[in-house]
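Report on the structure
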Amino acid sequence: MTRGARPVTTPTGARRAALLTPGAGLYSARVAWRHSLRFRLALTYSALSAALLMLITLGVVSLLLSRMEQQFVDRLNDRADTLAEAFTNLGGGFGKSATGPSAYTLVVDPDGQVIAASPALREFQNSPYPFGTLSRVPVQGTTVRAVKRKAGDFGTLWVGLPEDDLIAARQSALSALLLALVTAPLILLLTGWWVGRRALAGLENAANLADRLDPAVSLAPLPLPAREDEVQRLLVAINSLLGRIETQQAREKQLLGQIVHELGAPLTVLKASLSRAEARLGDPEVARAALVADELTFTTQDLMQLARGQLELKLAWHYIPALTLRDRLDRLVPGTTFTGDWATGILCDPDRLTQALRNLLANGRRHAGADGTVTLDLRETPEQLCFRVRDSGPGLPADLGEQIFEPFVSGAGSSGLGLSVARQIARMHGGDLSGTNHPDGGALFTLTLPGAALGDDGDDLDDADVLDEPPLTPVGGMGT
């Protein structure tokens, strides 16, 4: 990538990277509970169930209260009719009916005077009728509902029954209804959450599996659940999409490999011819053309690295002296200043590590210019090796950030692959590559590799070879 240039919008931008990064937006861990599907389903289920339950409960309570009211009215009317008939037929049953524990009766003459009263109403006897047109009156702390009947020649019969039981029943029913309004939605919400959690467990597992997909590592199909439902159909669709992605990737890699192969052989011949002509003639123009051919050769190598990616490319591990790597880089990028401890050894794929460091040095040289400086410093700790490439150029634009490591993000002067490929190689080795600006000016890239951690008998090398010289890939060979 060329620093200072604006990034070109490509399908490999930040949006695609966010979609393909494993664990990006992990559903079960990072989505707010109020935004989860099962919460919305539970809330909807609870609201609808609560509304339906309230309507049914309200209807049942209303029907029950109306039946109780009707029974009370029937009882009152029946008592009043019985007493009125006794007075009309002069059966003498007034005393017996009026002295019951819940009987409230008055006999009012045509002049409005109370001429007879039940024991609870003796205070009103031989006095004017006190209740006027009221149908509900308080008597000794009790609410009494009353009706009137003709009492033959005696006048008017007033009969009342206490409403305490009816009022208590009404209050109990309303309290139960209010309690149901408060507790039922909560119970339904918790029940709905639990049911939704179980019902949507398959969907959540499918989301977690899909979220961990990384086409750069594997395009293996997702396992399908045994039950044939919507979740299975979703996973079948995802697997179908993965198959199409894999087919498209294979076509792109095949095409890119063919292009690189067609370029590699002519570039090898051209570079060799220019090198001989430069040695024979010493012409600066020929030397400049040789550098251009060399740059194109490494561009083809970067393209092949991009085509292979981490899915197919295998590292050829060797244990080499760091001085051997330094000599090779010095030949590839003349004018580099090397500092630090180069007397150590490095466990790596020499060709790939050379490619990564050469890309960083060439990038630094491009921006430092012919009169600038590019420094490669190597430091070793028990845990890691640290390569620090610093140049005297203008530094990294603050607005680009991690975009400098995206493929094809470049302006004029390079393919935009160098930094992306360098980071990919570093991570394939178990390390990483980062970039920032040096406090004293210029860009600073840091490439880290895990330490070799060799034992006394060298068992930790596993299958790695110990070489004094790295295996030199022929120019253009990485593109074939």
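Within any chain, residue numbers begin from 1 and follow the written order of that chain's sequence. The predicted origin of the model limits local features to residues at a pLDDT of at least 70 and limits the giving and counting of side-chain atom pairs to 80 or more, whereas totals for whole chains, interfaces and linings rest on all residues. Computation of side-chain values: all heavy atoms of the structure, hydrogens and water removed.

An unreviewed UniProt entry lists the protein chain under the name histidine kinase, from Deinococcus daejeonensis. Under the UniProt heading Subcellular location (unreviewed entry), the note attached to the protein chain is "Membrane". UniProt positions are given in the numbering used here, feature names are shortened, and annotations may be inferred rather than shown by experiment. Under the heading Catalytic activity (unreviewed entry), UniProt records this for the protein chain: "ATP + protein L-histidine = ADP + protein N-phospho-L-histidine."

1. Some points on the sheet that holds strand β11 (residues 432-437)
Two strands qualify as a pair provided that DSSP identifies no fewer than 2 bridges between them. Per the convention used, a helix needs a DSSP run of H or I reaching at least four residues, while a strand needs a run of E reaching at least two, with both numbered from the N terminus. What the five strands build is an open sheet, ordered β7-β9-β10-β12-β11; its pairing is mixed. Sheet topology places β7 (336-340) and β11 at the edges, where each strand pairs with a single neighbour. On average, each strand axis in the sheet is inclined to that of its neighbour by 20 degrees, with strand direction left out of account. As defined by bridge partners, β7 adjoins strand β9 (residues 374-380) across five bridges and the pair is classed as parallel. Among the inter-strand pairings, F338 is bridged to a residue of β9, identified as L376. Working convention: axes come from line fits to C-alpha atoms, limited for helices to the stretch in contact. Angles between N-to-C directions cover 0 to 180 degrees.

2. Things to note about the pairing of strand β2 (residues 114-117)
Pairing of strand β1 (residues 104-108) with β2 involves three bridges; the strand directions are antiparallel. Bridged to L106 within β2 is A117. The loop that links β1 with its antiparallel partner β2 comprises five residues; one of these, G112, has a positive phi angle of about 85 degrees.

3. A few points about the nonpolar core
Definition of nonpolar core: a set of buried residues of the types Ala, Val, Leu, Ile, Met, Phe, Trp, Tyr and Cys, connected through side-chain atoms within 4.5 Å. Three exposure classes are used, based on accessible area relative to the maximum for each residue type with a 1.4 Å probe and protein chains only: buried under 20%, partly exposed in between, and exposed over 50%. Counting residues in each nonpolar core, the largest one holds 36 residues, and the members touching the most others are I346, L353, L360, F387, F445 and L447. Broken down by secondary-structure element, the contributors of at least two residues to this core are α9 (322-332), β8 (345-348), α10 (350-368), β9, β10 (384-391), α11 (418-428) and β12 (443-450). Ranked by the residues each element gives to this core, the list is headed by α10, at six residues.

4. Remarks on the UniProt feature "transmembrane region" (unreviewed entry) in the protein chain
Here, UniProt's "transmembrane region" (unreviewed entry) annotation points to residues 43-65 and 176-195. As a span, residues 43-65 carries 100% helix and 0% strand, and end to end its C-alpha atoms are 32 Å apart.

5. A short note on the packing of aromatic side chains
Aromatic contacts are taken between Phe, Tyr and Trp rings whose centres are within 6.5 Å, Trp giving its six-membered ring; a plane angle under 30 degrees counts as stacked, one over 60 as edge-to-face, and the others as tilted. One pass over the structure, following the stated rule, counts six aromatic pairs. Each ring, one from F124 and one from F131, has its centre 5.4 Å from the other, and the planes form 70 degrees; the classification is edge-to-face. By relative accessible area, F124 is classed as buried at 17%. The class for F131 is buried, based on a relative accessible area of 9%. Taken together through their ring pairs, the aromatic side chains of F124, Y129, F131 and W158 make up a single cluster. Note on geometry: a ring has a charge over it if NZ (lysine) or CZ (arginine) is within 6 Å of the ring centre and within 35 degrees of the ring normal. R423 extends its terminal NZ or CZ atom over the ring of F405, reaching a point 3.8 Å from the ring centre.

6. As for the sheet that holds β1
Here five strands make up an open sheet; going across it, the order is β2-β1-β5-β4-β3 and the pairing antiparallel. Both outer strands of the open sheet, β2 and β3 (136-139), are each paired with one neighbouring strand and no more. Taking the axes of each pair of neighbouring strands and ignoring which way they run, one obtains an average angle of 30 degrees across the sheet. Here β3 runs beside strand β4 (residues 142-150); their pairing, made up of four bridges, is antiparallel.

7. Examining the pattern of salt bridges
Criterion for a salt bridge: a side-chain nitrogen of Lys or Arg within 4 Å of a carboxyl oxygen of Asp or Glu. Inspection of every chain in the model, using the stated rule, returns nine salt bridges. Between E69 and R170 there is a salt bridge whose closest N-O contact spans 3.6 Å. Here E69, found in helix α3 (residues 37-88), pairs with R170, found in helix α5 (residues 164-199); they are 101 residues apart in sequence, far enough to count as distant. Within the structure, one salt-bridge network assembled from shared partners comprises E69, R136, R145, E163 and R170.

8. Looking at the packing of α10 against α11
Interaxial distance between α10 and α11 falls to 9 Å at its minimum, and their mutual angle equals 145 degrees. When the axes of α10 and α11 are compared, the crossing they make is left-handed. For the pair α10 and α11, the contacting residues are R352, L353, Q355, A356, N359, L360 and N363 in the first and G418, L419, V421, A422 and I425 in the second. We call Asp, Glu, Lys and Arg charged. Ala, Val, Leu, Ile, Met, Phe, Trp, Tyr, Cys and Pro are nonpolar, and the rest, Gly among them, are polar. Taken together, the residues of the contact of α10 with α11 break down into seven nonpolar, four polar and one charged. Helix crossings fall into two classes, left-handed where the near helix is turned counterclockwise from the far one by less than a right angle and right-handed where it is turned clockwise. Contact definition: two residues touch when any of their heavy atoms are within 4.5 Å.

9. Things to note about α11
The α-helix winds at 3.6 residues per turn, so residues separated by three or four positions along the chain end up facing the same way. For α11, a buried count of ten out of eleven residues is recorded, marking the element as mostly surrounded by other parts of the structure. Residues of α11 that are buried include every one of G418, L419, S420, V421, A422, R423, Q424, I425, A426 and M428, and no others. Two residues or fewer after α11 comes G430, characterised by a positive phi angle close to 90 degrees.

10. A look at a nonpolar patch on the surface
On the surface, a nonpolar cluster with roughly 290 Å² of combined accessible area is contributed by L52, I56 and V60. Checked against the element boundaries, V60 lands in helix α3. Nonpolar side chains (Val, Leu, Ile, Met, Phe, Trp, Tyr) within 5 Å and like charges within 9 Å form the patches, drawn only from residues with over 30% relative accessible area and no salt bridge. Per-residue accessibility takes into account occlusion by the displayed protein chains alone, with areas from the Shrake-Rupley method and a 1.4 Å probe.

11. Focus on unusual backbone geometry
With the exception of glycine, the majority of residues adopt a negative phi angle, and the majority of peptide bonds are in the trans configuration. Not every positive phi belongs to a glycine, and N126 is a case in point at roughly 60 degrees. In this fold, N126 is placed in the loop between β2 and β3. You can call N126 exposed: its relative accessible area is 64%. Positioned with a positive phi, Q140 is a non-glycine residue whose angle comes to about 50 degrees.

12. Some words on the packing of α9 against α10
Put simply, α9 and α10 touch, their axes get as near as 10 Å, and they point 45 degrees apart. On the basis of their axis angle, the class for α9 and α10 is oblique. Crossing of α9 over α10 shows right-handed handedness. Within the contact between the two elements, α9 uses L325, R328, L329 and L332 and α10 uses P350, D351, L353, T354, L357, R358 and L361. Residues that form the contact of α9 with α10 fall into these classes: seven nonpolar, one polar and three charged. Geometric relationships in this document are graded by angle, where less than 35 degrees denotes roughly parallel, more than 145 denotes roughly antiparallel, 65 to 115 denotes roughly perpendicular, and other angles denote oblique.

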